[in-house]
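# Summary of the model geometry
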Amino acid sequence: MTNQLTSQTEKLWNKGYTLILLTSTLSSFSFYLITTILSKHLLNIEIGFQMTGIILGLFSITSLVCRPICGVTSDRINNIKLLKTGNLLMATGLIGFAFFKSVPLLILFRIINGTGFAINSTSQISMASKYIPKDKTGEGIGYIGMSNIIGSAAAPALGSALEERYGMQTAFFAAAAMALAAFAIIFFLTDNFVPHSQKKKKLMLKDIFAPAAIPFTIVYSAFSFGSGIISSYLIVFALEQQIDRISIYFTLYALILIFIRPLSGKIMDRLGLKYTVFPGLILTVISMFLLGRSTTLAMALTSCVLRAIGQGAAQPALQAGCINKVGRQSSGVATSTYYLGGDIAHGLGPMVGGWILGNMAKSQGYRFLFDLCGLLLAAAFIYLGLIMRKKSSC
């Protein structure tokens, strides 16, 4: 007799899965509400490009440090406790941002917020995977990804509107309220899952890191580096290029993903990973080169459409493939390993961007940054092609 909830769940849209999806959506709103305006806030309080990049990148670097621990604990203990802790930490960090402007305190609260983000993103996927039927892994993971899409569609515009009309402090309070709302919903969840690894008394390397997930992690990292650059610097790039209404980019990107991600998951389940990931990489490469040369809103939005289709096709398939490869019983460590490279890349993106923009002419610096993103994605395409060719020839 198995103790996995997935074996007892025939339908995807069950109560547990739906509540996890709602919690994930609120957490996503909390994250995206301030992500795209935080760089503007830090520059307005005269932090400077390089320190702004460091503070922005700390969010993901903190997640990098915490995520391996989160992965193994999500496989070993009750995920409800982890989700509660994660949302409280996110709210605490955001409230700290609302009251303090000194660099040491900003760093501290960025670390607190990043820790909460790491706990949430890992434990949400691990918890959700227990309610998803095995033959619907790609579809289920795709819908969980849509919680990020909904947040990224509505939250940046809402955050910008709140900041412009009521001030940055109000935007931070609103983001904290989203995390606290997610915290409240968690009380309606139950986790009767008995972790597979609970019988193990000795912690081993394979409990915190899954080597089988490395190819998926590396490719995801290339996407994540570009996402970190865009989320941190697109608004200031648009100001430099005198492109108005650039916030439409985030809404359009998210709306396209709403349609692409579930479809991608179904295609991956039926045909395989290569039919979604390789076309997705090609489209995203093109989008990055185009964005760096954009001088009008139309050019930027064209880049947005290509990127949304590309990443929307590739990322759900990569994550579902990672979980299938490592195994459902280790979904927590699979997810943490998958996100590990993404955290490094997403954190390095703003840091590298801050250094480049602080040492190059702004227009040249932005073009170089987006070209670099495209080159990394092209390298990921070649790497994955070689990996898959090697395996097929074995």
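You'll find the structure just up there.
Residues numbered from 1 in each chain as written. Predicted model: local features only at pLDDT ≥ 70, side-chain atom pairs only at ≥ 80, totals over all residues. Heavy atoms only, no water.

### Observations concerning the packing of helix α2 (residues 15-44) against helix α7 (residues 168-185)
Where α2 contacts α7, the axes come no closer than 8 Å and their chain directions differ by 165 degrees. Between α2 and α7, the interaxial angle falls into the category roughly antiparallel. Between α2 and α7 lies a crossing whose hand is left-handed. For the pair α2 and α7, contact is made by Leu19, Leu22, Thr23, Leu26, Ser27, Phe29, Ser30, Leu33, Ile34, Ile37, Leu38 and His41 and by Met168, Ala171, Phe172, Ala174, Ala175, Met178, Ala179, Ala181, Ala182 and Ile185, respectively. Looking at the contact of α2 with α7 residue by residue, the class counts come to 18 nonpolar, 4 polar and no charged. (Axes fitted to C-alpha atoms, helices over the stretch in contact; angles between N-to-C directions. Helix = DSSP H or I, 4+ residues; strand = E, 2+ residues; numbered from the N terminus. Parallel < 35°, antiparallel > 145°, perpendicular 65-115°, else oblique. Left-handed = near helix turned anticlockwise from the far one by under 90°. Contact = heavy atoms within 4.5 Å. Nonpolar A, V, L, I, M, F, W, Y, C, P; charged D, E, K, R; others polar.)

### A word on the nonpolar core
Ranked by internal contacts, the top residues of the largest apolar core, which has 105 residues, are Ile246, Tyr249 and Val277. A per-element tally of this core places helix α8 (residues 214-241) first, with 14 residues. Apart from the residues lying within four places of it in its own chain, the contact partners of isoleucine 246 are Leu234, Ile235, Ala238, Leu297 and Ala300. (Core = buried A, V, L, I, M, F, W, Y, C linked by side-chain atoms within 4.5 Å. Buried < 20%, exposed > 50% of the residue type's maximum accessible area, 1.4 Å probe, protein only.)

### Focus on helix α10 (residues 274-291)
Across its 18 residues, α10 extends 26 Å between first and last C-alpha, which sits within 8% of the 26 Å expected from 1.5 Å per residue. Those residues of α10 not exposed but buried are Thr276, Val277, Phe278, Gly280, Leu281, Thr284, Val285, Ser287, Met288 and Leu291. (Expected span 1.5 Å × (residues − 1).)

### A few points about the side chain of serine 232
Following the sequence through the fold, serine 232 ends up in helix α8. Look past the residues within four positions of serine 232 in its chain and what remains in contact with it is Ser39, Leu56 and Pro350.

### Comments concerning the packing of aromatic side chains
Where two aromatic rings form a pair, the distance of their centres and the angle of their planes describe that pair. Tallying each qualifying case throughout the model produces 11 aromatic pairs. The interplanar angle of 65 degrees and the centroid separation of 5.6 Å between the aromatic rings of phenylalanine 99 and phenylalanine 173 together place this pair among those described as edge-to-face. You can see phenylalanine 99 sitting in helix α4 (residues 79-99) and its partner phenylalanine 173 sitting in helix α7, a full 74 residues away along the chain. For phenylalanine 99, a relative accessible area of 53% translates into the label exposed. Judged by centre distance (6.5 Å) and plane angle (10 degrees), the ring pair of tyrosine 249 and tyrosine 253 falls under stacked. Taken together, the residues tyrosine 249 and tyrosine 253, both in helix α9 (residues 248-271) and 4 residues apart, mark about one turn of the helix. (Phe/Tyr/Trp six-rings, centres within 6.5 Å; stacked < 30°, edge-to-face > 60°.)

All we've got here are geometric facts, nothing functional implied.
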